[in-house]
Amino acid sequence: MTDWIKVAPVDDFPPGSRRVVDVDDVPVLVINIGGEYLAIEDVCTHDYSSFDDGEVDGEEIICPRHGARFDVRSGEALCAPAYDPVATFPTMVKDDAVWVRDDRWD
Ligand code: FES
């Protein structure tokens, strides 16, 4: 289990914005979607690209490299050329900041 990593103050993380943070050497993309903070590994399962500024469409993100779509809440790959899901991570708001951690090894 990793510790909670501070992503950003809530005031600096409005809806529609995103941050990438390092969680024990794992790049994690946190996106504010309508006031909810959703987090996925920032590595596309098709060919390991970062999602960078890939378009967010509702709760889906589109990989900017070849166009695969992923459900940001579940991590599910929604269309080719990606078939495997991306990891998702829990977030929380505490002390007026957004936090994330990697719970895959709990
Ligand atoms: S690297 Fe993401 S769709 Fe190919």
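Keep in mind the model is a prediction, meaning the values are calculated, not measured.

Draft legend 1. Structural detail: the environment of tyrosine 37. One can find tyrosine 37 in strand E4 (residues 36-41). Judged by local crowding, tyrosine 37 falls into the buried class, with 23 C-beta atoms found within 10 Å. Spatially, the C-alpha atom of tyrosine 37 lies 9.5 Å from that of arginine 73, the residues being 36 residues apart in sequence. With sequence-adjacent residues up to four places away left out, tyrosine 37 is seen in contact with Val30, Asn32, Thr91 and Val98.

Draft legend 2. Structural detail: the sheet that holds E4. Taking strand neighbours across the sheet as the criterion, the four strands line up as E2-E3-E4-E8 in an open arrangement whose pairing is antiparallel. Two strands bound the open sheet, and with one partner strand each, they are strand E2 (18-23) and strand E8 (88-89).

Draft legend 3. Local environment of unusual backbone geometry. Looking along the chain, the bond that leaves alanine 80 and enters proline 81 is cis, with omega of 10°. Looking at the secondary structure, you find proline 81 in the loop between strand E7 (69-71) and E8. With phi around 70°, aspartate 25 is a residue other than glycine that occupies positive phi space. With respect to the helices and strands, the residue aspartate 25 is situated in the loop between E2 and strand E3 (26-33). Assessed through the 7 C-beta atoms surrounding it within 10 Å, aspartate 25 is described here as exposed. Despite not being glycine, aspartate 95 shows a phi value in the positive range, around 55°. Along the chain, aspartate 95 turns up in the loop between strand E9 (91-94) and strand E10 (97-100).

Draft legend 4. Inspection of the nonpolar core at higher detail. Of all hydrophobic cores here, the largest spans 23 residues; its most connected members are Leu29, Val30, Ala39, Phe70 and Val100. Of all the secondary structure elements, the ones that give two or more residues to this core are E3, E4 and E10. Excluding anything up to four places from it in sequence, valine 100 contacts Ile5, Val7, Val21, Val23, Val28, Val30, Ala39, Phe89 and Thr91.

Draft legend 5. Region of the structure containing the sheet that holds E9. With antiparallel pairing, three strands are arranged side by side in an open sheet as E1-E10-E9. Of all strands in the sheet, those bounded by a partner on one side alone are strand E1 (5-9) and E9. Strand-to-strand twist across the sheet, computed as the mean angle between neighbouring axes with direction ignored, equals 30°.

Quick notes on the rules
- Residues numbered from 1 in each chain as written.
- Predicted model: local features only at pLDDT ≥ 70, side-chain atom pairs only at ≥ 80, totals over all residues.
- Helix = DSSP H or I, 4+ residues; strand = E, 2+ residues; numbered from the N terminus.
- Buried ≥ 20, exposed ≤ 12 C-beta atoms within 10 Å, placed from the backbone.
- Contact = placed C-beta atoms within 7 Å.
- Pairing = 2+ DSSP bridges.
- Core = buried A, V, L, I, M, F, W, Y, C linked by C-beta atoms within 7 Å.
- Axes fitted to C-alpha atoms, helices over the stretch in contact; angles between N-to-C directions.

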